[in-house]
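# Structure assessment
What follows is the residue order along each chain.
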Amino acid sequence: MTVTQVLGWMQVIQIAAQTAIATEQDVAAWIKAKHGSTMTDAEINAALALIQSDAARRLALATADATPPTTGA
Amino acid sequence: MRRALSLVGIVLLVACASLPVKQKALVGLQTTETALASAQDFERSLCSPTQAATNGPVTHCDGPNAATIGLTDAVHRTIAGALAKAFRAQEDAAIALQAWQAGQPTPSSVSELQADIDLALTTAKQLLTSPSQQQLITEIQAVADQAATLAKTFTGGAL
């Protein structure tokens with residue numbers, strides 16, 4: 001992980017804390033609440049990072065589902 | 001479900017008409033993520049409600065309705081593979097959008113997202129052909145519709 005990525009994640013954590021986003025699931029409600037007003041670029045990127053995290057979690061689940069079970073010896 | 005998601009998408013897009021393109025894209029990507037997750041949850045619960053409830057891998061379709069609608073282990077694995085591609089594209093699109101600035105071309109990963117979700121839909125349609133399987137296809141079709149809406153955000157939105 002590069003310094004830029006670390007700084008990016010620190011910003012995400014900071015924004016998430018400021019906006020009281022606890023989990024990936026909360027991001028949908030947060031965006032909906034913000035839909036009438038302009039979000040800052042940092043807020044948008046924080047929300048995108050949470051979507052990215054949720055997609056990664058579900059990718060792992062789908063990959064596990066798609067993997068045939070191994071037959072034991 | 002599809003109608004409800006479409007309605008939410010339309011309401012959000014209308015409400016966001018004057019917002020920056022990047023924020024509109026965020027709303028579109030979030031809607032797509034929600035629809036994609038809903039399709040995954042639905043397919044997994046059809047395959048095996050007990051395994052799906054653990055939030056771990058669903059390795060065997062033993063649900064009471066799985067056999068009736070032809071959702072075999074092989075079909076489940078194929079759909080899961082297509083969904084995995086869609087979630088990977090979703091993840092890539094989220095990464096690309098974080099670096100995207102107004103005035104730049106549409107990130108290629110957004111176009112790839114639409115292609116991968118269309119592939120998931122095509123896969124589901126080919127595998128699930130009976131009327132009783134229609135609800136699952138409808139779920140994935142809703143995702144494809146949202147991905148198309150997301151792609152249009154970049155061409156139809158004002159900066």
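Residues numbered from 1 in each chain as written. Chains lettered and ligands numbered in written order. Predicted model: local features only at pLDDT ≥ 70, side-chain atom pairs only at ≥ 80, totals over all residues. Heavy atoms only, no water.

## Details of the interface of chain A and chain B
Which entries qualify depends on this criterion: Contacts were defined at the residue level, with two residues in contact if any of their heavy atoms lie within 4.5 Å. Buried area adds together the accessible area that both of two parts lose upon being put together, with accessible area traced by a 1.4 Å probe. Every case where a carboxyl oxygen of Asp or Glu lies within 4 Å of a side-chain nitrogen of Lys or Arg is listed as a salt bridge. Whenever two N or O atoms come within 3.5 Å, that pair is a polar contact, provided that in protein one can donate a hydrogen and the other can accept it, and provided that, for residues adjacent in sequence, both atoms are side-chain atoms. To qualify as a helix, a DSSP run of H or I must reach at least 4 residues; to qualify as a strand, a run of E must reach at least 2; elements of each kind are numbered from the N terminus. Three residue categories are used. Nonpolar comprises Ala, Val, Leu, Ile, Met, Phe, Trp, Tyr, Cys and Pro, charged comprises Asp, Glu, Lys and Arg, and polar comprises the others, including Gly.
The partner chain B presents 35 residues to the 31 residues of chain A that form the contact. Both sides together, the interface formed by chain A and chain B hides about 2,800 Å², and carbon and sulfur atoms give 65% of it. Viewed at the interface, chain B and chain A are joined by three salt bridges. Connecting chain A to chain B are ten residue pairs in polar contact (both at pLDDT 80 or more). Where the side of chain A that touches chain B is concerned, the elements lending two or more residues are α2 (26-34) and α3 (41-66) of chain A. Ranked by residues supplied to the side of chain A that touches chain B, first place goes to α3 of chain A with 19 residues. Across the side of chain A that touches chain B, the residue classes break down as 18 nonpolar, seven polar and six charged.

## Topic: helix α2 (residues 21-47) of chain B
For clarity, the cut-off: Every helix has an expected span of 1.5 Å times one less than the residues it contains. The cut-offs for exposure are 20% and 50% of the maximum accessible area for each residue type, with area from a 1.4 Å probe on protein chains only; residues under the lower value are buried, those over the upper are exposed, and the others partly exposed.
Here α2 of chain B spans 39 Å end to end across 27 residues, near enough to the 39 Å set by a 1.5 Å rise per residue. For α2 of chain B, a buried count of 24 out of 27 residues is recorded, marking the element as mostly surrounded by other parts of the structure.

## What to know about the state of the cysteines
All names here are of chain B. In plain terms, the rule: Here, a disulfide means two cysteine sulfur atoms that sit within 2.5 Å of each other.
Inspection of the entire model under this criterion finds one disulfide over all chains. In this model, C47 is linked to C61 through a disulfide, with the two sulfur atoms separated by 2.0 Å. Between C47 and C61, the S-S torsion sits near -105°, and that sign places the bridge as left-handed. Of this pair, C47 sits in helix α2 while C61 is found in the loop between α3 (49-53) and α4 (73-99), placing the two residues 14 residues apart along the sequence. Its relative accessible area of 0% is what places C47 among the buried residues. You can call C61 buried: its relative accessible area is 11%.

## Some thoughts on the packing of α3 of chain A against α2 of chain B
Rules: Only the stretch in contact is used when a helix axis is fitted, and all axes are lines through C-alpha atoms; the angle between N-to-C directions ranges over 0 to 180 degrees. These descriptions rest on fixed angle ranges, namely under 35 degrees for roughly parallel, over 145 for roughly antiparallel, 65 to 115 for roughly perpendicular, and the rest for oblique. By the definition used in this description, the sense in which the near helix is turned from the far one sets the handedness, with an anticlockwise turn below a right angle giving left-handed and a clockwise turn giving right-handed.
In contact at an axis separation of 10 Å, α3 of chain A and α2 of chain B are set at 20° when each is read in the N-to-C sense. Comparing the axis directions of α3 of chain A and α2 of chain B gives the class roughly parallel. For the element pair α3 of chain A and α2 of chain B, the recorded crossing hand is left-handed. Here D41, I44, N45, A47, L48, I51, D54, A55, R58, L61, A62 and D65 of chain A of α3 of chain A lie close against α2 of chain B, whose contacting residues are K22, Q23, L26, L29, Q30, E33, A37, Q40, D41 and R44 of chain B. A per-class count over the contact of α3 of chain A with α2 of chain B returns ten nonpolar, four polar and eight charged.

## Overview of the confidence of the model for chain B
Residues and elements named next belong to chain B. Worth spelling out the cut-off: A residue's pLDDT is the predictor's confidence in that residue, given on a scale from 0 to 100.
Here chain B shows a mean pLDDT of 76. Residues at 70 or above account for 70%. Confidence scores differ between elements of chain B, with helix α1 (residues 2-15) showing the lowest mean pLDDT of 48 and α3 the highest of 94. Segment residues 10-17: pLDDT under 50, and ten contacts once partners within four positions in sequence are set aside and those in other chains are kept.

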